[in-house]
Amino acid sequence: MSDNYPYIVRCNDCDFVSQVYLDEQTAMNERDFHSFEHLHSVSIWRYAWEQWTMVTELMGVVLH
């Protein structure tokens, strides 16, 4: 990922969408926090070249 583009974090299991982030580490922290707290599948999206593209995804944890 690159620090030159804004990032958002989106949950695939609920309506959660983060604010726009300007750095990679903050977006990754938000993704990890939401995923582990709610056990949801969460992805990071980057806005570049006038479109949003998914750059990484973290699946929710299933506890047995």
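Look above for the structure.
Residues numbered from 1 in each chain as written. Predicted model: local features only at pLDDT ≥ 70, side-chain atom pairs only at ≥ 80, totals over all residues. Heavy atoms only, no water.

Colleague: Describe in detail the pattern of salt bridges, supporting the description with residues and values.
Modeller: Evaluated as defined, the whole model comprises 1 salt bridge. Close ionic contact of Asp 32 with Arg 31 constitutes a salt bridge, the shortest N to O distance being 2.8 Å. Asp 32 sits in the partly exposed class, given a relative accessible area of 24%. (Salt bridge = Lys/Arg side-chain N within 4 Å of Asp/Glu carboxyl O. Buried < 20%, exposed > 50% of the residue type's maximum accessible area, 1.4 Å probe, protein only.)

Colleague: Talk me through the environment of Glu 24; I want residue IDs and the actual numbers.
Modeller: With respect to the secondary-structure elements, Glu 24 resides in helix 1 (residues 24-38). By relative accessible area, Glu 24 is classed as partly exposed at 23%. Spatially, the C-alpha atoms of Glu 24 and Tyr 5 are 8.8 Å apart, while their sequence positions differ by 19 residues. (Helix = DSSP H or I, 4+ residues; strand = E, 2+ residues; numbered from the N terminus.)

Colleague: Kindly report on the nonpolar core, identifying the contributing residues and their values.
Modeller: Formed by Tyr 7, Val 9, Cys 11, Tyr 21, Ala 27, Val 42 and Ile 44, the largest nonpolar core amounts to 7 residues. Looking at this core, the elements with two or more residues in it are strand 1 (7-11) and strand 2 (42-48). (Core = buried A, V, L, I, M, F, W, Y, C linked by side-chain atoms within 4.5 Å.)

Colleague: Can you break down helix 1 residue by residue, with the values?
Modeller: Look at helix 1: 21 Å from first C-alpha to last across 15 residues, which is about the 21 Å you get at 1.5 Å a residue. For helix 1, the complete set of buried residues consists of Ala 27, Arg 31, His 34 and Ser 35. Down the axis of helix 1, the smallest arc covering the buried residues is 95 degrees, so these residues share one side. Looking at the buried side of helix 1, the elements it contacts are strand 1, strand 2 and strand 3 (51-58). Two or three places before Gln 25, at the start of helix 1, stands the capping residue Asp 23, its side-chain oxygen 3.4 Å from that residue's backbone nitrogen. Phi for Leu 39, located one or two positions after helix 1, is positive at around 55 degrees. (Expected span 1.5 Å × (residues − 1). Arc of directions from axis to C-beta. Contact = heavy atoms within 4.5 Å. Polar contact = N/O pair within 3.5 Å; in protein donor to acceptor, adjacent residues only side chain to side chain.)

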